[in-house]
Amino acid sequence: MLELPEAIAIAEQVGSALRGKRIRSVTANQSPHKFAWFYGDPGDYNGLLSGHTIESATHWGGMVEMWAGPARIVVGDGVSLRYVPAGERPPSKHQLLIEFDDSSSLVGSVQMYGGLWAFPAGQFDNPYYLIAKQKPSPLTDKFDYSHFETLLEGEKLESLSAKAFLATEQRIPGLGNGVLQDILWVARIHPKRKVATLSDQELRGLFRSVKSVLHEMAERGGRDTERDLYGCPGGYKTALSKNTVDTPCPACGTIIKKAAYLGGSIYYCEGCQSL
């Protein structure tokens, strides 16, 4: 799933590989998916985008945004984006296919769920998109400990788990269930630990872990559990993930475990992250 580190990497790759390419045609929703979301009628995407040139790309939380003349293209965290060079055939199943004048293409495929939105600039009111644009990124100086403390204001800390705090309610856009595993491991906090039980020192350690782990993930082009625009895994080697479950913890040797929690999987080391 696209989260902040992968969105950064893919936005940079899109800007490098696609900038200046003119859109020849667009096919949206060719392979219908129950949880693929579009802006308006996907049948209108070709008329909206064709003839325009990809000018730039950026990221907002776990989203990637592309500029194409007066239009914008935004893909959400459940979308796999792949660049297909000229001479290679795009996959037959997809939810978005953008073909360029040079016969290369960009393919968007939804995994579990995801948005593929194309719209005239300024007309997209998706709340997740707007919040991601408004809130400071954890990779910036504006995301300091004072801001981190405000995320706890008004919360019922006795019932709020560390996982729920980090990865729900868009408190930190782009920080989801994938990247939080290593963040909590580095902070030595169990995903089920209630925030009310954390000391001031542990909260400060969690803040530093959010900053440092996300920075390293972004620097290395995303996690090794995810793939970039060219289908290559990221360079950040995850300590706790589907790749490492049932293997020894790199810090203490305890076997890494997996469990279902809050609608997704958690990975943890009982030696490093006690309850």
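Remember, it's a predicted structure, so these values are computed and weren't measured experimentally. (Residues numbered from 1 in each chain as written. Predicted model: local features only at pLDDT ≥ 70, side-chain atom pairs only at ≥ 80, totals over all residues. Heavy atoms only, no water.)

**Student:** I'm lost on the sheet that holds strand β9 (residues 114-120) in this one. Help?
**Tutor:** Hydrogen bonds between backbone groups are what pair the strands of a sheet, and the pairing can be parallel or antiparallel. One open sheet holds the five strands; their spatial order is β2-β9-β5-β4-β3, and the pairing between them is mixed. The sheet is open, and its two borders are formed by β2 (36-37) and β3 (54-60), each paired with just one other strand. As judged from the six bridges shared by β3 and strand β4 (residues 63-68), these two strands associate in the antiparallel manner. Residue pairing for β4: Ser56 is matched across the bridge by Trp67. The strands touched by helix α1 (residues 4-18) are β3 and β4; relative to β3, the strand with the most contacts, the crossing angle is about 175 degrees. (Pairing = 2+ DSSP bridges. Helix = DSSP H or I, 4+ residues; strand = E, 2+ residues; numbered from the N terminus. Contact = heavy atoms within 4.5 Å. Axes fitted to C-alpha atoms, helices over the stretch in contact; angles between N-to-C directions.)

**Student:** Would you take a moment to explain the pattern of salt bridges for this structure?
**Tutor:** Any two side chains of opposite charge can pair, so long as their charged atoms come close to each other. According to the stated counting rule, one finds 10 salt bridges in the structure shown. Of the charged contacts, one joins Asp102 and Lys21 as a salt bridge, the two residues approaching to 2.3 Å between their closest N and O atoms. Here the residue Asp102 occupies a position in the loop between β7 (96-100) and β8 (105-110), and Lys21 occupies one in the loop between α1 and β1 (23-28), the gap between them amounting to 81 residues. Linked by salt bridges that have partners in common, Glu3, Glu6 and Arg223 make up one network. (Salt bridge = Lys/Arg side-chain N within 4 Å of Asp/Glu carboxyl O.)

**Student:** Looking at this structure, how should I read the sheet that holds β1?
**Tutor:** The strand order across the open sheet built from four strands is β1-β7-β8-β6, with neighbouring strands paired in antiparallel fashion. Sheet topology places β1 and β6 (79-84) at the edges, where each strand pairs with a single neighbour. Direction aside, the axes of adjacent strands within the sheet are offset by 10 degrees on average. In the sheet, β7 pairs with β8 via four bridges, with the strands oriented antiparallel. Each residue of the ladder has a partner; that of Glu99, found in β8, is Ser105.

**Student:** So what exactly am I meant to see when it comes to the packing of helix α6 (residues 180-187) against helix α7 (residues 200-219) here?
**Tutor:** Each pair of packed helices gets described by two things: the angle between the helix axes and the distance between those axes. At a minimum axis distance of 8 Å, the contact between α6 and α7 shows a crossing angle of 130 degrees. Judged by the angle between their axes, α6 and α7 are oblique. Once α6 is placed against α7, the crossing between them reads as right-handed. Two secondary-structure elements touch here, α6 through Asp182, Ile183, Leu184, Val186 and Ala187 and α7 through Gly205, Leu206, Ser209, Val210, Val213, Leu214 and Met217. Of the residues contributing to the contact of α6 with α7, the split by class is nine nonpolar, two polar and one charged. (Parallel < 35°, antiparallel > 145°, perpendicular 65-115°, else oblique. Left-handed = near helix turned anticlockwise from the far one by under 90°. Nonpolar A, V, L, I, M, F, W, Y, C, P; charged D, E, K, R; others polar.)

**Student:** What is the right way to look at the packing of aromatic side chains in this model?
**Tutor:** Note on aromatic pairs: each is described by the distance of the centres and the angle between the planes. Inspection of the entire model under this criterion finds 15 aromatic pairs. Their ring planes at 75 degrees and their centres at 6.1 Å tell us that Tyr39 and Phe124 sit as a pair that is edge-to-face. Here Tyr39, found in the loop between β2 and α2 (45-49), pairs with Phe124, found in the loop between β9 and α3 (127-134); they are 85 residues apart in sequence, far enough to count as distant. With centroids separated by 5.2 Å and ring planes inclined at 45 degrees, the aromatic side chains of Trp117 and Phe124 adopt a geometry described as tilted. The residues Trp117 and Phe124 share a single accessibility class, namely buried. Taking NZ or CZ as reference, Arg72 lies 3.6 Å from the ring centre of Trp67, over its face. The positively charged end of Arg188 is found above the aromatic ring belonging to Trp185, 4.7 Å away from the centroid. (Phe/Tyr/Trp six-rings, centres within 6.5 Å; stacked < 30°, edge-to-face > 60°. Buried < 20%, exposed > 50% of the residue type's maximum accessible area, 1.4 Å probe, protein only. Lys NZ or Arg CZ within 6 Å of the ring centre and 35° of its normal.)

**Student:** Where do I start with the pairing of strand β11 (residues 264-268) in this structure?
**Tutor:** Pairing between strand β10 (residues 257-261) and β11: five bridges, direction antiparallel. Bridge pairing links Lys258 to Tyr267 in β11. What sits between β10 and β11 in their antiparallel hairpin is a turn of two residues, with Leu262 showing a positive phi close to 55 degrees.

**Student:** Would you mind showing me how to read the environment of Asp224 here?
**Tutor:** The residue Asp224 is located in the loop between α7 and β10 in this model. Since its relative accessible area comes to 22%, Asp224 is described here as partly exposed. Each C-alpha atom of the pair Asp224 and Ser92 lies 26 Å from the other, and the pair is 132 residues apart in sequence. Filtering out sequence-adjacent residues up to four positions away, Asp224 remains in contact with Pro233, Gly234, Tyr236, Lys237, Thr238 and Asn243. A polar atom in the side chain of Asp224 sits 2.9 Å from the side chain of Thr238. (Polar contact = N/O pair within 3.5 Å; in protein donor to acceptor, adjacent residues only side chain to side chain.)

**Student:** Just checking my understanding: could you explain empty space enclosed by the protein for this structure?
**Tutor:** Vacant regions in the atomic arrangement are exposed by a probe of water-molecule size rolled over the atoms. One pass over the structure, following the stated rule, counts one cavity of 30 Å³ or more. Here the largest cavity is characterised by a volume of approximately 50 Å³. If you go around the largest cavity, the residues you meet are Glu6, Ala9, Ile10, Gly221, Gly222, Arg223, Glu226, Arg227, Asp228, Cys232, Pro233 and Gly234. Among the residues making up the lining of the largest cavity, the classes are represented as four nonpolar, three polar and five charged. (1 Å grid on protein atoms, 1.4 Å probe; cavity = no way out; pocket = protein on both sides within 12 Å on 5 of 7 lines; lining within 4 Å. Points joined across faces, edges and corners; volume = space filled by probe spheres on them.)

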